[in-house]
Amino acid sequence: MGKTTAEKIFEAHLVEEPFPGTKVLRLDVVLCHEITTPIAIDDLIRRGKDRVYDSARIKAVIDHVTPSKDTKTATQAKILRDWARRHAIIDFFDIGANGVCHALFPEKGFIRPGYTVIMGDSHTCTHGAFGAFAAGIGTTDLEVGILKGVCAFRQPKTIRFNVTGALPTGVYAKDVILHIIGRIGVNGATDRVMEFHGDTIDAMTMESRMTLCNMAIEAGGTSGICQPDATTVEYLWPFIKDEFTSREAALADYSQWRADADADYDQIIEIDASALQPVVTFGYKPDQTKFVTEMPDSPLDQVYLGSCTNGRLEDLRIAAGILKGRKLAPNVRGILSPATPKIQQEAMREGLIDIFMEAGFCVTNPTCGACLGMSNGVLADGEVCASTTNRNFMGRMGKGGMVHLMSPATAAASAIEGRIADPRKYL
Amino acid sequence: MKTFGGPILFLDRSDINTDEIIPAKYLTEITKEDLRPYILEDLKLSGFDPKGPRTENARVVVSRANFGCGSSREHAPWVFEVNGITAVIAESFARIFRQNMFNCGMAAIELSKADLDQIFSHSEDADAAMNIDIETRKLTVSGGGKTREFSFELSPFDKALVLAGGWVDYADLKY
Ligand code: SF4
């Protein structure tokens, strides 16, 4: 019997199985941000265990609220900063170099096929786009990860998604994943890995694959996983060119993590991507989805472009393509938070930032900001936002506020019309 | 080891997420204790009052499917812990929430829908309470003059975490 990607990674990283079904894995990278790490640091200090297992394998960023907005967020940033200095964490990203964790860390080349990755953040599943097993965990698991470089998991089963067909105009990775969540439900993949296959995925850029894997957790998934291929190697090449003699050699090595043809799956789900239309959420759960054409008239107060789901250069290019030469509707505010400084700078060079600003958008520095309702665009009670983020929970972007999740293209079209709109007429 | 059992807080809905358990704006608190007043602040559920006596007295939460979905924040188990709630009983849990509970030495116990329906039949009883025995894996629910018993599953690892009081000391000793 063959193995899934996650099974191969589990086998290669197994430290021990202390109890049947519970596997303690060695970790390749432990990622940290300033919201969930300070309490772990504080607890380690109180236990007299203020140590790190390997300062080169721990990466940290201040990203959720940056620059700090008040004394409390400044204190969180300071705890992380002081700790990073104390333990000589080389890859620590502070103001000027910081961006949304799940966009920044891959951009730095920290994630490789076959890796085990944890972070005290549910959207850690994003990194599975590289063929890694990447899982969000809580602060206690993070604490042990920092201290010992291990984490315990119940071996997850795997659901295989065969996504086939060319994406129609106006339909993107975000629509695919929203559609999948709508189909299997918010706990349709609980304790499962979502392994993505098919020519639709093969044709996707790494950015799109990250968007896809990012929302695995919204279906309850432990990790989203794509198969490492030539696209993965090409993305990583600047970081791995000294490790391999050629791209072919890298591909041959990384291919060991591809699922076997005869692997055993918990479920196999077929998705015909060519039949999709732009997808939008309508309620307070990510599985409440409709095609944009089925949406009732939905006026908006705000449009938000950014986050670890859709704040990458590809997303900004798509949205700017629609917004070029057009203006925000008078009833909406537009906010763009590019996910990393590199993305922001590149968007500036390409003239995308000009397009957004001429359309009437406010462009912020890279940060999570409004995505979790902490800063840079929190909604007032009763307000509605069209957003490229990943969570539409009640109150997520501000108490009493409502969020509709959608692709950058749908968000851009909606910004122009001031209500949820079909992007296809602008393409 | 923590103590388990006492008055029940009934939350009769599926998919209660961690933003409802503890809103993101309180994630800037540095100590667990500071979270105490904000328990379930954003949860809208008919008959539920986050500041009411039922919430205040509760030692156990009983809910439905996919409890604790959403963010990885361990603040969700912590806000229960500092309010004296050490166990959540539900039809199913989101993975991270469930693991966080056990990592903190708390209990996240799954029961069938049929068992939960029986427990929910006590939701109007002012004296509804639960006794949880981790050793024998038995729950006793009482209220309105009735008592019912249920058994539950607990993996050896989860049980070891509960007995050890959490994962940090357990792991530091072992690895
Ligand atoms: S952008 Fe939003 S979802 Fe992504 S890490 Fe930041 S807060 Fe979490």
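Small disclaimer: the values here were computed from a predicted structure and weren't measured.

Conventions used here
- Residues numbered from 1 in each chain as written.
- Chains lettered and ligands numbered in written order.
- Predicted model: local features only at pLDDT ≥ 70, side-chain atom pairs only at ≥ 80, totals over all residues.
- Heavy atoms only, no water.
- Helix = DSSP H or I, 4+ residues; strand = E, 2+ residues; numbered from the N terminus.
- Rg over C-alpha atoms; globule rule 2.2 N^0.38 Å.
- Contact = heavy atoms within 4.5 Å.
- Areas by Shrake-Rupley, 256 points an atom, 1.4 Å probe, with all protein chains shown as cover.
- Lys, Arg positive; Asp, Glu negative; His and termini not counted.
- Charge placed at Lys NZ, Arg CZ, Asp CG, Glu CD.
- Buried < 20%, exposed > 50% of the residue type's maximum accessible area, 1.4 Å probe, protein only.
- Pairing = 2+ DSSP bridges.
- Axes fitted to C-alpha atoms, helices over the stretch in contact; angles between N-to-C directions.
- Core = buried A, V, L, I, M, F, W, Y, C linked by side-chain atoms within 4.5 Å.
- Right-handed = clockwise from strand over helix to strand, strands pointing away.
- Near = heavy atom within 4 Å.
- Nonpolar A, V, L, I, M, F, W, Y, C, P; charged D, E, K, R; others polar.
- Salt bridge = Lys/Arg side-chain N within 4 Å of Asp/Glu carboxyl O.
- Buried area = accessible area lost by both parts, 1.4 Å probe.
- Polar contact = N/O pair within 3.5 Å; in protein donor to acceptor, adjacent residues only side chain to side chain.
- Left-handed = near helix turned anticlockwise from the far one by under 90°.

## Topic: the overall build of chain B
- Within chain B, the secondary structure is distributed over seven helices and seven strands.
- Listing every helix and strand of chain B by position from the N terminus yields β-α-α-β-α-β-α-β-α-β-β-β-α-α.
- In terms of overall dimensions, chain B is globule-like: its C-alpha atoms have a radius of gyration of 15 Å, near the 16 Å expected for 175 residues.
- The principal-axis extents of the C-alpha atoms in chain B amount to approximately 50 × 40 × 25 Å.
- Pairs at least 24 residues apart make up 64% of the contacts formed inside chain B by residues separated by at least 6 positions.
- Only carbon and sulfur atoms are counted for the fraction: they give 49% of the accessible area of chain B, which is about 6400 Å².
- For chain B, the centre of its 20 positive side-chain charges and the centre of its 27 negative side-chain charges are spaced 2 Å apart.

## Here's the deal with unusual backbone geometry
All names here are of chain A.
- With omega at -5°, the peptide bond leading from T66 into P67 counts as cis.
- On the secondary structure map, P67 appears in the loop between β4 (58-61) and α3 (71-86).
- One non-glycine residue, A88, adopts positive backbone phi at about 50°.
- By secondary structure assignment, the location of A88 is in the loop between α3 and β5 (92-93).
- Here A88 falls in the partly exposed class, since its relative accessible area comes to 48%.

## A look at the sheet that holds strand β15 (residues 302-306) of chain A
Residue and element names in this part refer to chain A.
- What the five strands build is an open sheet, ordered β17-β16-β15-β18-β19; its pairing is parallel. The outermost strands of the open sheet, each flanked by one partner alone, are β17 (361-363) and β19 (402-405). Taking the axes of each pair of neighbouring strands and ignoring which way they run, one obtains an average angle of 25° across the sheet.
- Here β15 runs beside strand β16 (residues 333-337); their pairing, made up of five bridges, is parallel.

## Considerations on the nonpolar core
- Grouped together as the largest cluster of nonpolar side chains are 64 residues, with contacts concentrated most on L11(B), V62(B), F67(B), F80(B), I89(B), M130(B) and I132(B).
- Every residue in contact with F80(B), bar those within four places of it in the chain, is listed here: I21(B), I39(B), L40(B), V61(B), F67(B), I85(B), V88(B), F97(B) and M106(B).
- One finds F105(A), M204(A), C385(A) and L405(A) within the second-largest nonpolar core, a separate group that totals 63 residues.

## With respect to helix α7 (residues 167-174) of chain B
- When we look at burial in α7(B), the residues that qualify are W167(B), V168(B), Y170(B), A171(B) and D172(B).
- Next to the buried residues of α7(B) lie β1 (14-19), β2 (22-26), α5 (139-148) and β8 (150-154) of chain A together with α4 (95-103) and α6 (156-164) of chain B.

## Some details on the sheet that holds strand β11 (residues 223-226) of chain A
All names here are of chain A.
- Read from one edge of the open sheet, four strands run β11-β10-β9-β12, paired in parallel fashion. Both edges of this open sheet fall to β11 and β12 (267-272), since each of them pairs with a single strand only. Within this sheet the neighbouring strands show an average axis-to-axis angle of 25°, counted without direction.
- Bridge count between strand β9 (residues 157-164) and strand β10 (residues 192-197): six bridges; the pairing is parallel. In the strand pairing of β10, R160 is matched with E195.

## Details of the pairing of β9(A)
All names here are of chain A.
- Burial within β9 is extensive, with six of its eight residues counted as buried.
- Crossover connection from β9 via helix α6 (residues 173-184) to parallel β10: handedness right-handed.
- Relative to β12, β9 runs parallel, the two sharing six bridges. Bridge pairing in β12 links T164 to D272.

## With respect to the site of the ligand
Residues and elements named next belong to chain A.
- Around the ligand, 13 residues are found, and the nearest of them are H123, C308, C368, C371 and N390.
- Of all the elements in the fold, those that place two or more residues in the shell around the ligand are α4 (101-107) and α11 (307-310).
- Looking at the shell around the ligand, its residues break down into six nonpolar, five polar and two charged.

## A look at the pattern of salt bridges
- In this structure the tally under the stated criterion is 46 salt bridges over all chains.
- A salt bridge links D422(A) to R424(A); the nearest nitrogen and oxygen atoms lie 2.8 Å apart.
- The buried category is assigned to D422(A), whose relative accessible area is 18%.
- With a relative accessible area of 28%, R424(A) lands in the partly exposed category.
- Salt-bridge contacts for D117(B) lead to K113(B); the nearest nitrogen and oxygen are separated by 3.0 Å. Within this pair, D117(B) and its partner K113(B) are both found in helix α5 (residues 113-120), separated by four residues, close to a single helical turn.
- Of the residues examined, D117(B) reaches a relative accessible area of 33% and is grouped as partly exposed.
- We classify K113(B) as partly exposed; its relative accessible area is 45%.
- Each member of the salt-bridge network shares a partner with another, and the members are D42(A), D43(A), R46(A), R47(A) and E143(A).

## A short note on the interface of chain B and chain A
- Contact with chain B, which involves 43 residues of that partner, is made by 49 residues of chain A.
- Contact with chain A buries surface across chain B, with I30(B), R95(B) and Y175(B) losing the most and accounting together for 18% of the total.
- At the surface where chain B touches chain A, the tally comes to nine salt bridges.
- Taking the shortest distance from any N to any O, the salt bridge between D172(B) and K148(A) comes out at 3.2 Å.
- Taken together, the connections running from chain B to chain A amount to 21 residue pairs in polar contact (both at pLDDT 80 or more).
- For the side of chain B that touches chain A, the secondary structure elements donating two or more residues are α3 (75-82), α4, α6 and α7 of chain B.
- For the side of chain B that touches chain A, the element with the highest residue contribution is α7(B), accounting for seven residues.
- Grouping the constituent residues of the side of chain B that touches chain A by class yields 18 nonpolar, 11 polar and 14 charged.

## Examining the packing of helix α9 (residues 230-240) of chain A against helix α10 (residues 247-254) of chain A
All names here are of chain A.
- At their nearest, the axes of α9 and α10 sit 10 Å apart, and the two run at 115° to each other. Between α9 and α10 the crossing geometry is right-handed. Contacts between α9 and α10 involve A230, V233, E234, L236, W237 and I240 from the first element and R247, A250, L251 and Y254 from the second.
- Here the contact of α9 with α10 is built from residues that sort into eight nonpolar, no polar and two charged.

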